[in-house]
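Structural characterization, general
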Amino acid sequence: MAQIEVRNLCKSFRDDAVLKGLSLSVDKGEIVALFGPSGTGKTVLLRLLAGIYAPDDGTIGLRGRDASGSPPEKRGIGMAFQNFALFPHMTARDNIASALTARKMDAAKIQRKVGAVARLLKIDHVLGHSPRELSNGQKQRTALARALVGEPDILLLDDPLRNVDAKLRYEMRLELPTLLKRAGSTVLYVTQDFKEAMALGDRIAVLLDGAIAQCDTPARIYAEPVCIGVARLFGDPTLNLVEVQPQLVDDVPEVRVGGAAIRLPASYAAAVGGNFTLGLRPESLHLVDGHAPGTIAVDLVAVTPLNEKSVLLFTMDGGNELLASEAGDRGAPRRIGPSRLALDLDTVLLFDRDSGRRFIPAGKVGAKS
Amino acid sequence: MGRISFIERVLRGLLLTLIVIFFLFPIFWILLMSFQTNEQILRIPPSLTFIPTLDNYKALISGHLVTSAGTLDIAFMRNLGNSVLLSTCSVVLALILGVPAAYAFARFKFRMSEDIAFTLLSFRFAPPLLVLLPLSLFFESLGLVDTYVGLIWVYQLIALPLILWIVRGYFEDISSDIENAYRIAGHSWARTFFKIAVPLAGPGIAAAGLLSFIFCWNNFVFALVLASADKQPVTVGALAFVTASGIQYGQVAAAIVLSVTPTLLLALYAQRWLVEGLSLGAVKG
Amino acid sequence: MTSQPIDDSVRVVHRRPIEWLPYILSLPALLVCVGILIPFITALYYSTLRFRLNLPALKGFIWFGNYTNLLYDPEFWNTVGVSLRYTAISVGVELLLGLIVALLLQRQTRINNMISVLLLLPLMTAPAIAALMWKLMTNPNFGVLSYLVSLAGISDFRWASSPSSALFTVILVDVWVYTPFIMVLLLAGLRSLPQQPFEAAALDGVPRLFVFFRITLPMLSPYIITASLFRLLDAIQQFDIVYAMTQGGPGNTLLVFQVRAYLEFYQYTNVGKSAALLVVLWAITYFLSNIFIKNWLRLRERSHASA
């Protein structure tokens, strides 16, 4: 039985339909990263789960029971807000303790628990401060402590690392998964950063157009995106898109990219004749010497060294641009000018041009959505 | 600012001094008068140097006036007590009724809220007699004629709109996520209201309360129309006092001083919030 | 609240729970509203009646009779004239004086802040009591102002007792009490103005009079308009000062609207006429307050946006 079970959730604000029939299932102890572009309703979903908003339609199940009609204070959830939402007139200690004072717990026990979680998050030395006196990082950890101290079995984290500086964000990205796993809670973690989603989530739920487009492990989301919308959200730089129409040439499905004839595996036979968009991940394009068949003639226009990788910008016949990325900066300066690119055919993605859905080559199982 | 010439600076200083004298002189003069005997007051030309006396205040406080025509009993202290009672109770009641309503208006956007809010606001600008005169006829049939309760209820018409409009703004300025966080932490709506919303809106509530007190205290026409003789506050009482015959002017001055001192002191204490209160929450000081 | 296990076969339809909380919280405010509307409608009703408290048997409908009587009543037009003159002159003087004081005090220095607080004191005195204060000061026998005026060579200036100077006297009291109101609002407005336009003008060497009329004044206009409307609305229905000073006299020189209505009710016990007068006054203030509320709301939004 799923810990969080959302079915067909609909929510509109005035005339704006934000969630349109959203369904999601999170198992006990799982960390699911809720990912999507801004304004798509991720925060709205969290608030519906917490009971701050009421849905227009659909059901919300928590721990196997219908939660609608249950007010926020009875849902037994821990939540950390994006803007911290700390109580300005209380110390950090009292902020964290507020999650426990609603229960009949004696003061000493509350203080012990607060101290324990504060030590865990390394804010025990600022517990006596008011929120005004805390740095952003300390505020974020206080908000997190408040969500964690009650040891809730369901945790909702609304982009808690957003307002935190880059260095701390990196540190927390390493610490958080351990922290959350140790707590054993079921976690729904909202983020707009795909790298964060891939780093933290057991599964990633991609929110597009008011519903979950795909909910899968990071690896499968990356390698087997269910549609072009999902594919475009992952990868830096974003994947290259080329419009193609596969033809059968010598019994082999073939597409033309920048004038070059690329032969696709036989499992793509069913795609012949249709209109598609070919998705090429930057890291699947390699510079090669020579003029082997299946390589594309390109012009190297610019190189951007980014320490751990370099991004290369090419133009093809017809003016289209391609981005490739390769690890390291290779030391030797790159020669601008005509070059040739080879593709990794096993990472190639084909999307139907009308529906956006990925074409699934014969023999493969479609991804879970 | 070095472009201001010396002459200009002198002129500005002069103008400002004249203005300050104009606005503060009457208060100062009446204060002076309250410490003078009748003879000193009637002396022409009026003099700034005299030996002050506390007789006027003593007479007022004790309630006995010795005039040339004999002894009079004046219950001005009773007026003062009425003012304190009416203003305090009205403000307390208005806070109890108005703060939750202000919260409802701030947090829940429901149809009736705007209608109520605007009716109360527009009443602020309608002639009070329009409502008071019919009310005075109703009071008899309602049995409210010689009561404090009737007056306190009617004084809500002064205090409640002010409290609603000022406190509503303060509640609106509190991020609702703070309240949501407290509720998710396990607390009921009522606890959230008392432990989070009200403390955070505290300054606004205090400002609204202080200002309502000043306006209730200074009110004249409500009490004139509806208050029975022994329940009149100082505003009406002082007028009656003046028109009574044989009153010594020093005592009148002392009565005036006693009538205005509470509000003047409160105003000095609450000065930070006066702009906001006077503009009904439109302008932050 | 009930919670059932989710059943795949049943699609639960949800109705939003009725939010009764806000209505309960606003109940007192609603009651007060009702408490205002009932007498108000009653007053409207009375204005259509021939109704004198001392002749209850004659009570009856005369529809707009009271209103047409007013139109033909020279006393009514006297009331209109006095009220308009009172309003126009006092608000005009207060605006000018308030603006001058606000300009003089706009720099945030300790002295300026202290003065602006002291200048609030007249506003905080009850207008009725203020009238009494001035009454004492203008007393012909011992009033300090009578004395000062006599020094200037004007003997026997009778202030509020003389028809020719009564209006002047009450306007003087009004100006004394209410100018600080305008000063306070305009001062808050001046101090909230962005500094860049002024710094730019100073850098460009723009003459100060030009800066004042073309930059300061236009930026200050929402505050000026709000303050003026506030005062206009209050001045046209002024009661306390006039009543405390002379009860409307001498003669009919100070019979402004509410004073007249009050006397009609209590002295002449003519409820119908009194109600009609008040309804006319209400119509004027209703019209003005609609304009006012729009401006006031705009100012309020601006304040809260920058908060």
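All of these numbers come straight from a predicted model, not from anything done at the bench.

A few points about the overall build of chain B
Helix and strand counts for chain B come out as 14 helices and 2 strands. Against the compact-globule benchmark of 19 Å for 285 residues, chain B has a radius of gyration of 24 Å, which places it well outside the compact range. Counting only residues that meet the buried cut, chain B has 51% of its 285 residues in that class. Pairs at least 24 residues apart make up 75% of the contacts formed inside chain B by residues separated by at least 6 positions.

What to know about the environment of Arg107(B)
Residues and elements named next belong to chain B. Take Arg107: it is sitting in helix α4 (residues 76-107). With 20 C-beta atoms counted inside 10 Å, the residue Arg107 sits in the buried group. It is 28 Å that separates the C-alpha atoms of Arg107 and Thr88, two residues lying 19 residues apart in sequence. Discounting chain neighbours no more than four positions away, the residues touching Arg107 are Phe171 and Ser176.

Observations concerning the interface of chain C and chain B
Often, the extent of an interface is quoted as the loss of accessible area on bringing the components together. Each partner contributes residues to the interface: chain C has 67 residues there, and chain B has 79 residues. For the side of chain C that touches chain B, the element with the most residues is helix α1 (residues 21-47) of chain C, which contributes 14 residues. A class-by-class count of the residues in the side of chain C that touches chain B yields 52 nonpolar, 12 polar and 3 charged.

What about unusual backbone geometry?
For the bond running from Asp236(A) to Pro237(A), omega is 0 degrees, close enough to zero to count as cis. Considering the arrangement of structural elements, one finds Pro237(A) in the loop between α8 (228-233) and β11 (240-244). Positive phi values are uncommon outside glycine, yet Ala85(A) reaches one of about 55 degrees. Within the element layout of this structure, Ala85(A) appears in the loop between β6 (77-80) and α2 (92-101). A positive phi angle, near 50 degrees, is found at Thr269(C), a position not held by glycine. Here Thr269(C) lies in the loop between α12 (257-266) and α13 (271-306).

Some details on the domain arrangement of chain A
Segmentation of chain A into domains returns domain 1 (4-226) and domain 2 (240-352). The C-alpha-based centres of domain 1 of chain A and domain 2 of chain A are spaced at 40 Å.

A short note on helix α7 (residues 148-173) of chain B
Residues and elements named next belong to chain B. With 26 residues, α7 should reach 38 Å at 1.5 Å per residue; the first-to-last C-alpha distance of 36 Å fits that figure. Residue Leu157 marks the point of greatest curvature in α7, where the axis turns by about 40 degrees; the proline Pro161 follows within four residues. The element α7 is extensively covered by neighbouring structure, given that 21 of its 26 residues are classed as buried.

What about the nonpolar core?
Ala205(A), Ile163(B), Leu164(B), Val167(B) and Ile256(B) are the most contacted members of the largest nonpolar core, which totals 290 residues. The leading source of residues in this core is helix α8 (residues 163-192) of chain C, at 17 residues. In this structure Ile163(B) touches Ala94(B), Leu95(B), Gly98(B), Val99(B), Ala102(B), Ala208(B) and Ser212(B), once residues within four positions along its chain are discounted.

What to know about the packing of α4(B) against α1(C)
Close contact between α4(B) and α1(C) brings their axes to 8 Å; oriented N to C, the two are set at 135 degrees. In terms of their interaxial angle, α4(B) and α1(C) are classed as oblique. Note on packing geometry: the crossing formed by α4(B) with α1(C) is left-handed. Across the interface between the two elements, Leu97(B), Gly98(B), Pro100(B), Ala101(B), Tyr103(B), Ala104(B) and Phe105(B) of α4(B) pack against Pro22(C), Leu25(C), Ser26(C), Pro28(C) and Ala29(C) of α1(C).

Topic: the interface of chain A and chain B
Counting residues at the interface gives 17 residues for chain A, matched by 15 residues for chain B. Among the residues making up the side of chain A that touches chain B, the classes are represented as 11 nonpolar, 3 polar and 3 charged.

Examining the sheet that holds strand β15 (residues 276-280) of chain A
Residues and elements named next belong to chain A. Across the sheet, which stays open at both edges, the 3 strands sit in the order β11-β15-β21 with antiparallel pairing between neighbours. The sheet is open, and its two borders are formed by β11 and β21 (349-352), each paired with just one other strand. With strand direction ignored, the average angle separating the axes of adjacent strands in the sheet is 30 degrees.

Quick look at the domain arrangement of chain B
Residue and element names in this part refer to chain B. Parsing chain B into structural domains produces domain 1 (6-73) and domain 2 (76-278). Centre-to-centre separation of domain 1 and domain 2, based on C-alpha positions: 31 Å. Per-element accounting of the side of domain 1 that touches domain 2 gives the leading share, 5 residues, to helix α3 (residues 55-62).

Overview of the sheet that holds strand β1 (residues 4-13) of chain A
Taken together, 4 strands build an open sheet; the order of strands is β2-β1-β4-β5 (chain A) and the sheet is antiparallel. Two strands lie at the open edges of the sheet, namely β2 (16-26) and β5 (65-66) of chain A, each paired on one side alone.

Reading guide: rules and limits
Residues numbered from 1 in each chain as written. Chains lettered and ligands numbered in written order. Predicted model: local features only at pLDDT ≥ 70, side-chain atom pairs only at ≥ 80, totals over all residues. Helix = DSSP H or I, 4+ residues; strand = E, 2+ residues; numbered from the N terminus. Rg over C-alpha atoms; globule rule 2.2 N^0.38 Å. Buried ≥ 20, exposed ≤ 12 C-beta atoms within 10 Å, placed from the backbone. Contact = placed C-beta atoms within 7 Å. Nonpolar A, V, L, I, M, F, W, Y, C, P; charged D, E, K, R; others polar. Domains from an automatic or database assignment. Expected span 1.5 Å × (residues − 1). Bend = angle between axes of the 7 residues up to and from the residue. Core = buried A, V, L, I, M, F, W, Y, C linked by C-beta atoms within 7 Å. Axes fitted to C-alpha atoms, helices over the stretch in contact; angles between N-to-C directions. Parallel < 35°, antiparallel > 145°, perpendicular 65-115°, else oblique. Left-handed = near helix turned anticlockwise from the far one by under 90°. Pairing = 2+ DSSP bridges.

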